Amino acid sequence: MTDFAASKALFHLPENVIYLDGNSLGPMPKAAIERSRQTIEDQWGEMLIRGWNDAKWMELPGRVGNRIGRLIGAPAGSVVMGDTLSIKVYQALASALELNPGRKVVLSDNGNFPTDLYMAQGLIDSLKQGHVLKIVNPEDVEATLSDDIAVLMLTQVDYRTGRMHDMAAITRKAQDLGIVVIWDLAHSAGAVPVDLAGCNAEFAVGCTYKYFNGGPGAPAFIYVRPDLVEKVRPALSGWLGHEAPFAFAPDYRPAPGIERMRVGTPPVIQLAILDSALDVWDGVEMADIRQKSIALCEQFILGVEAACPMLELVSPRNAECRGSQVSFRFEEGYAVMQALIARGVIGDFRAPDVIRFGFTPLYLDEKDVDAGITILADIMENRLWDAAEYKKRQAVT
């Protein structure tokens, strides 16, 4: 059994703060401070450029990728780190379309994170080959699958509501129709059990600053199914995805395996911090994470609905259909969230009217949930949100 009291002690958690926003940005593991100091002072400061060899900086994208791979059901050597999630979405979609050249439809849903849709539209506009992006409601995805679709690109857990797709069933049905499948795991990796090898998806991408606690700007990852990786042509053919980057050849030759999905210089300091953050996961089982996160979510839903009937649950009531977050709708949701933050309960807001709360057992427990409910109930019952300072929109919501 995972010892969640022990894992909580590994995080820096500010006093008098109940942090329910790990689904947007995870808190800082205490070890990140020393690891970043070592990387900056001992490696960069003392080794200078020798750090690429002596500190093995160049190996970080693959080594950290394998650590992520263990937590998403991917075999060793099938995940690599680098760049942002938007870049990884572009890479995966471009490669997926080339694997299905006779078809022109990319299918997604309106629960997908907007950047995925933006990147798809940008790629389609650049290709100018007649591709179209088709967007449906999440519940209509399976019924919309057909043999004219080239690629199905979905986020497993809806960023607004926490609604969760059945990855295995949808992948199987899509592949039966000859569709290449891409999963965005931004809101599921580190939150719910994922079995990429078992579901047989061709591609997956995800970020590491949420449930993996890699810090703001932490690099994204990309997975390519091992039997396909040698067939995949990297659309972004950067020098570190080259077969021999330090030969400085004028022509591009893709590196063997997942290394070909590297693009530019890896963010060494961020990767080092992420590597230290992943130490928290040593000995942690995803099944334990899932069991505890469901319990915390259920506790929160029960308490909020009893104390705050004016809030409408928009997350699935069935825990099996929900990720590790809970969302409620309220017309003045933004003001409610600002009032909560002012009282030390940090969640976030998604337009037009959704307040979101993430439940991360590595550092949250039942006492935190009860305290959060009590403060939210006070804010709602006494209309404490109805103040001018809570209605002024900030750049990041």
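Quick caveat, the model's predicted, so the values are computed rather than measured. (Residues numbered from 1 in each chain as written. Predicted model: local features only at pLDDT ≥ 70, side-chain atom pairs only at ≥ 80, totals over all residues. Heavy atoms only, no water.)

### Here we look at the layout of surface pockets
- One number sums up the size of the largest pocket: a volume of about 590 Å³.
- In this structure, the largest pocket is lined by 33 residues; those nearest its centre are S24, Y209, K210, R350 and V396.
- Secondary-structure elements contributing two or more residues to the lining of the largest pocket are α5 (85–99), α12 (333–342) and β14 (348–350).
- Among the elements that line the lining of the largest pocket, the one with the most residues is α12, at 4 residues.
- Tallied by class, the residues present in the lining of the largest pocket amount to 15 nonpolar, 11 polar and 7 charged.
- Structurally, the lining of the largest pocket is a two-domain feature, drawing no fewer than three residues from each of domain 1 (4–29 + 285–390) and domain 2 (56–281).
- Here the second largest pocket is characterised by a volume of approximately 200 Å³.
- Looking at the lining of the second largest pocket, its residues break down into 8 nonpolar, 3 polar and 4 charged. (1 Å grid on protein atoms, 1.4 Å probe; cavity = no way out; pocket = protein on both sides within 12 Å on 5 of 7 lines; lining within 4 Å. Points joined across faces, edges and corners; volume = space filled by probe spheres on them. Helix = DSSP H or I, 4+ residues; strand = E, 2+ residues; numbered from the N terminus. Nonpolar A, V, L, I, M, F, W, Y, C, P; charged D, E, K, R; others polar. Domains from an automatic or database assignment.)

### Let's talk about the packing of α5 against helix α6 (residues 114–127)
- For the pair α5 and α6, interaxial distance at closest approach is 9 Å and the crossing angle is 50°. Taken together, α5 and α6 sit at an angle that is classed as oblique. Remark: the crossing between α5 and α6 carries right-handed chirality. For the pair α5 and α6, the contacting residues are S86, V89, Y90, L93, A94 and L97 in the first and T115, D116, M119, A120, L123 and L127 in the second.
- Its residues assigned to classes, the contact of α5 with α6 comprises 9 nonpolar, 2 polar and 1 charged. (Axes fitted to C-alpha atoms, helices over the stretch in contact; angles between N-to-C directions. Parallel < 35°, antiparallel > 145°, perpendicular 65-115°, else oblique. Left-handed = near helix turned anticlockwise from the far one by under 90°. Contact = heavy atoms within 4.5 Å.)

### Thoughts on the environment of W281
- Secondary-structure assignment places W281 in the loop between α10 (268–277) and α11 (286–307).
- Put simply, W281 and S7 are 274 residues apart on the chain and 8.4 Å apart in space, counted from C-alpha to C-alpha.
- If we skip the residues at most four places from it in the chain, W281 touches R70, L71, G190, Y211, F212, N213, M286, I289 and L362.

### Some remarks on empty space enclosed by the protein
- Enumeration according to the criterion identifies 3 cavities of 30 Å³ or more in this entry.
- Looking at the largest cavity, its volume works out to about 50 Å³.
- For the largest cavity, the full set of lining residues is G190, Y211, N213, W281, I289, T360, P361, L362 and Y363.
- Split into classes, the residues belonging to the lining of the largest cavity amount to 6 nonpolar, 3 polar and no charged.
- Viewed by domain, the lining of the largest cavity spans two of them, domain 1 (4–29 + 285–390) and domain 2 (56–281), each represented by three or more residues.

### Topic: the pairing of strand β12 (residues 325–329)
- The element β12 is largely enclosed, with a buried count of 4 among its 5 residues.
- Pairing between strand β11 (residues 312–313) and β12: 2 bridges, direction antiparallel. Across the sheet, the residue bridging to E312 is R329, located in β12.
- Strand direction decides the pairing type here: β12 and strand β15 (residues 354–358), joined by 5 bridges, are antiparallel. Bridging across to β15, Q325 finds its partner in G358. (Buried < 20%, exposed > 50% of the residue type's maximum accessible area, 1.4 Å probe, protein only. Pairing = 2+ DSSP bridges.)

### Things to note about the domain arrangement of the chain
- If you check the domain split of the chain, you get domain 1 (4–29 + 285–390) and domain 2 (56–281).
- Each of domain 1 and domain 2 has a C-alpha centre, and these two points are 29 Å apart.
- With 30 residues of domain 1 at the contact, the number on the domain 2 side is 23 residues.
- Overall, the association of domain 1 and domain 2 removes approximately 2100 Å² of surface from exposure, summing both partners, and the carbon and sulfur fraction of that is 65%.
- Taken together, the connections running from domain 1 to domain 2 amount to 0 salt bridges.
- Counting residues per element, the ones that place at least two in the side of domain 1 that touches domain 2 are α11, β12 and β15.
- Broken down by element, the residue count for the side of domain 1 that touches domain 2 peaks at 4 residues, all from α11.
- Each residue belonging to the side of domain 1 that touches domain 2 can be placed in one class, and the counts come to 13 nonpolar, 12 polar and 5 charged. (Buried area = accessible area lost by both parts, 1.4 Å probe. Salt bridge = Lys/Arg side-chain N within 4 Å of Asp/Glu carboxyl O.)

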